Amino acid sequence: MEYSQNVNIITLRKTIIGSIGFILFILIWTIIYASGIYNSLIIPSPLKIFNTIIISFIDLVFLRNFGVTLLRMFLAFLIASTIGIILGVLLGYYKILDDSSKTLIDFLRSIPSITLFPLFILLFGVNDTSRVLVAVCSASLFILVNTKYGVINSKEVRKNLHKLYPLSKIEMFSRVILPEASPYVFNGLRIGISITTILIIVTEMLLGTEYGLGHLLTISLYEFETEMIYSIIIITGILGFLLNLGFNSAENKIFHWRSK
């Protein structure tokens, strides 16, 4: 009972300390707004932004744009995860594949992801396929590299279990190698979802997009709706924060033994 209370006190203390920076940011924002240094159209009141955020989630137009962004984002993440994990396991296990592809992967990782968007437009047209593929290409590389190093750094004893037990290649990969590399895989997935979110919203801000948070952000800029601009920026920040928090929480539960 006493241990549980101590844990709750420590958690509460960390939460309070972690909130100080955010509170200071809001305070500075409020002071700048109240001082009148900038026109209220450029830097609106934090209270008005908060009100706009609340109203947005009962507005059907906003909800449609938000839902489309989420759909594109999770579709790209699902594809990137599948490609990255499968290729990462193969490259990590078979050294010849890793050696022959290392230079190519390093080269591909050096290409700014958004520069691929015009290429995909040429190949597939101005549609969701092009937007999703940009995110897939970038996120899958990060997931692939993390998975590969997870397999490479896994214990040789476990990787050689197939010599002691009658395991097929698929069983060995799914039941031995992948679980052993899972902390690295999880880290790659966490980076991958962040990259996917960023690239989907950026491509939505470019030509030919009808729906999405990026599209709504661009329209708000053209119409000088600064309150909506700030609201979308904050909402995307909250979305990224919650996704990262979810991954951290799941990782701590799954790999609780790492902290012991």
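Scroll up to find the structure this text is about.
The shown structure was predicted, so the numbers you read here are calculated from the model rather than taken from an experiment.

Describing the overall build of the protein chain
Part 1 of the argument: A count of helices and strands for the protein chain gives 10 helices and 0 strands.
Part 2 of the argument: Each helix and strand of the protein chain, placed in order from N terminus to C terminus, yields the pattern α-α-α-α-α-α-α-α-α-α.
Part 3 of the argument: Put simply, the protein chain has 260 residues, and 37% of those count as buried.
Part 4 of the argument: A separation threshold of at least 6 residues defines the contact pool for the protein chain, and within that pool the share at least 24 residues apart is 73%.
Part 5 of the argument: A total of about 16000 Å² of accessible surface is found on the protein chain, and carbon and sulfur atoms cover 71% of it.

A closer look at unusual backbone geometry
Part 1 of the argument: One non-glycine residue, Phe 224, lies in positive phi territory at about 55 degrees.
Part 2 of the argument: Along the polypeptide, Phe 224 turns up in the loop between helix H9 (213-222) and helix H10 (226-254).

Looking at the nonpolar core
Part 1 of the argument: Core analysis: the largest hydrophobic core is formed by 30 residues, its most contacted members being Ala 76, Ile 85, Val 89, Ile 177, Leu 189 and Phe 247.
Part 2 of the argument: Within the residue set of this core, elements represented by two or more residues are helix H3 (60-93), helix H5 (117-124), helix H6 (128-152), helix H8 (169-204) and H10.
Part 3 of the argument: When residues in this core are grouped by element, the largest group, 11 residues, is from H8.
Part 4 of the argument: Contact partners of Leu 189, with chain neighbours within four places excluded, come to Phe 77, Ser 81, Ile 85, Ile 143 and Phe 247.
Part 5 of the argument: With 13 residues, the next largest nonpolar core counts Trp 29, Ile 43, Ile 232 and Ile 235 among its residues.

Observations concerning the packing of helix H4 (residues 95-110) against H6
Part 1 of the argument: Packing of H4 against H6 leaves a shortest axis separation of 11 Å and a crossing angle of 145 degrees. In this structure, the crossing between H4 and H6 has a hand that is left-handed. Where H4 abuts H6, its residues Asp 98, Ile 105, Leu 108 and Arg 109 lie against Leu 141, Leu 144, Val 145, Lys 148 and Ile 152.

A look at H10
Part 1 of the argument: Taking 1.5 Å per residue as the helical rise, H10 with its 29 residues ought to reach 42 Å, and the 42 Å between its terminal C-alpha atoms agrees with that figure.
Part 2 of the argument: Of all the positions in H10, only Thr 226, Met 228, Ile 229, Ser 231, Ile 232, Ile 235, Thr 236, Leu 239, Leu 243, Phe 247 and Glu 251 are classed as buried.

Some points on the packing of H3 against H9
Part 1 of the argument: Contact geometry for H3 and H9: axes closest at 7 Å, N-to-C directions at 135 degrees. In terms of their interaxial angle, H3 and H9 are classed as oblique. Contact residues: H3 offers Phe 62, Asn 65, Phe 66 and Thr 69, while H9 offers Leu 213, His 215 and Leu 216.
Part 2 of the argument: In the contact of H3 with H9, the residues fall into 4 nonpolar, 3 polar and no charged.

What to know about the side chain of Thr 196
Part 1 of the argument: Residue position: Thr 196 is located in helix H8.
Part 2 of the argument: For Thr 196, a relative accessible area of 0% corresponds to the buried category.

Rules used in this analysis
- Think of each chain on its own: its residues are numbered from 1, step by step along the sequence as written.
- Given that the model is predicted, a residue must reach a pLDDT of at least 70 before its local features are reported, and side-chain atom pairs must reach 80 or more before they are shown or counted; all residues, however, enter totals for whole chains, interfaces and linings.
- To get the side-chain values, all heavy atoms of the structure are used, and hydrogens and water are removed first.
- Numbering goes from the N terminus for both helices and strands, where a helix is a DSSP run of H or I of at least four residues and a strand is a run of E of at least two.
- Burial status follows relative accessibility: with a 1.4 Å probe on protein chains alone, a residue under 20% of its type maximum counts as buried, one over 50% as exposed, and anything between as partly exposed.
- Contact definition: two residues touch when any of their heavy atoms are within 4.5 Å.
- Residue burial considers only the protein chains on display, and all accessible areas are found by Shrake-Rupley using a 1.4 Å probe.
- As used here, the term nonpolar core means buried Ala, Val, Leu, Ile, Met, Phe, Trp, Tyr and Cys residues forming a set that is joined through side-chain atoms within 4.5 Å.
- To obtain each axis, a line is fitted to C-alpha atoms, and for helices this fit is confined to the stretch in contact; angles are then taken between N-to-C directions over 0 to 180 degrees.
- The hand of a helix crossing depends on one turn: near helix anticlockwise from the far one by less than a right angle means left-handed, and clockwise means right-handed.
- One fewer than the residue count of a helix, multiplied by 1.5 Å, yields its expected span.
- Should an angle fall under 35 degrees it is called roughly parallel, over 145 degrees roughly antiparallel, and 65 to 115 degrees roughly perpendicular, with every other angle called oblique.
- Polar here means any residue other than Ala, Val, Leu, Ile, Met, Phe, Trp, Tyr, Cys and Pro, which are nonpolar, and Asp, Glu, Lys and Arg, which are charged; Gly is therefore polar.

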